[in-house]
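Next come the chains, spelled out residue by residue.
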Amino acid sequence: MNDALYDRYRLEDRSIEVFAEFIATGTHKERIIIDNFVRHYEIKYGMALEVEDNGCDNSGKLLPLAEVNTQADFIVNGKPVEVKFNNHRLLRFHFKACQLDSYLKQEAYVLWVNGYETDSPVFTVLQLQDLERIKKTKRPVTFAKWGGKLCYEMDAQDYRWLKFERGNDVEEQ
């Protein structure tokens, strides 16, 4: 693959092949998360949610830079929803500043799962006022693990975490 077609900012210190695998795996997990959320909502509230793909691509394939955008992953009942997750249960996690700004402009919700790969993942839904509060009260810091990108540090204790209502037909993570 040609490095020039891909943004070094996105790749950070990963090879294109490793990054492509990361995208494929992450996209698959995001699909499972949104499906679990839809099932949770149906069980909890007795209402079906309509989900449409959004953003640059939800197939899991690596896209050239020209095809990449920061639009939220899905449209759920007409509202943009971005899916984020931590594989392990974290007490502190990071939110890229440029992404937060994009979601604010889109008036998107962020469905965040903490502990995706654990036996008991939990989730929270960050609404517009939550995103505004993060931007207003936190100062972005450089996060070395993500190539020095500016990120907001978030403390899990500041959010209300819920367990997914599962039912019998939800795909396991």
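Residues numbered from 1 in each chain as written. Predicted model: local features only at pLDDT ≥ 70, side-chain atom pairs only at ≥ 80, totals over all residues. Heavy atoms only, no water.

Caption draft 1: Representation of the layout of surface pockets in the model. When its volume is computed, the second largest pocket comes out at roughly 580 Å³. As for the second largest pocket, its lining consists of 24 residues, of which Phe 37, Tyr 41, Phe 123, Val 125 and Gln 127 are closest to the centre. Where the lining of the second largest pocket is concerned, the elements lending two or more residues are α2 (16-45), β3 (79-86), β5 (109-114), β6 (122-126) and β9 (162-163). With 5 residues, the single largest contributor to the lining of the second largest pocket is α2. (1 Å grid on protein atoms, 1.4 Å probe; cavity = no way out; pocket = protein on both sides within 12 Å on 5 of 7 lines; lining within 4 Å. Points joined across faces, edges and corners; volume = space filled by probe spheres on them. Helix = DSSP H or I, 4+ residues; strand = E, 2+ residues; numbered from the N terminus.)

Caption draft 2: Representation of the sheet that holds strand β8 (residues 149-155) within the structure. The strand order across the open sheet formed by 3 strands is β4-β8-β7, and the pairing between neighbours is antiparallel. Pairing within the sheet leaves two strands with one partner each, and these edge strands are β4 (92-96) and β7 (141-143). The sheet shows a mean angle of 60° between the axes of neighbouring strands, taken without regard to direction. Of the strand pairs in this sheet, β4 and β8 are connected by 5 bridges, and their pairing is antiparallel. Pairing of Phe 93 across the sheet is with Met 154, part of β8. Lying on the sheet, helix α3 (residues 97-106) is in contact with β4 and β8; it crosses β4 at an angle near 65°. (Pairing = 2+ DSSP bridges. Axes fitted to C-alpha atoms, helices over the stretch in contact; angles between N-to-C directions. Contact = heavy atoms within 4.5 Å.)

Caption draft 3: Quick peek at the pattern of salt bridges. Counting across every chain of the model gives 9 salt bridges. Salt-bridge contacts for Arg 31 lead to Asp 53; the nearest nitrogen and oxygen are separated by 2.4 Å. Of this pair, Arg 31 sits in helix α2 while Asp 53 sits in strand β1 (residues 51-53); the two residues are 22 residues apart in sequence, bridging distant segments of the chain. In this structure, the salt-bridge partner of Lys 84 is Glu 82, at a minimum N-O distance of 3.6 Å. Glu 82 carries the same exposure label as Lys 84, and that label is buried. Salt bridges sharing common partners tie together Arg 92, Glu 153 and Asp 155. (Salt bridge = Lys/Arg side-chain N within 4 Å of Asp/Glu carboxyl O. Buried < 20%, exposed > 50% of the residue type's maximum accessible area, 1.4 Å probe, protein only.)

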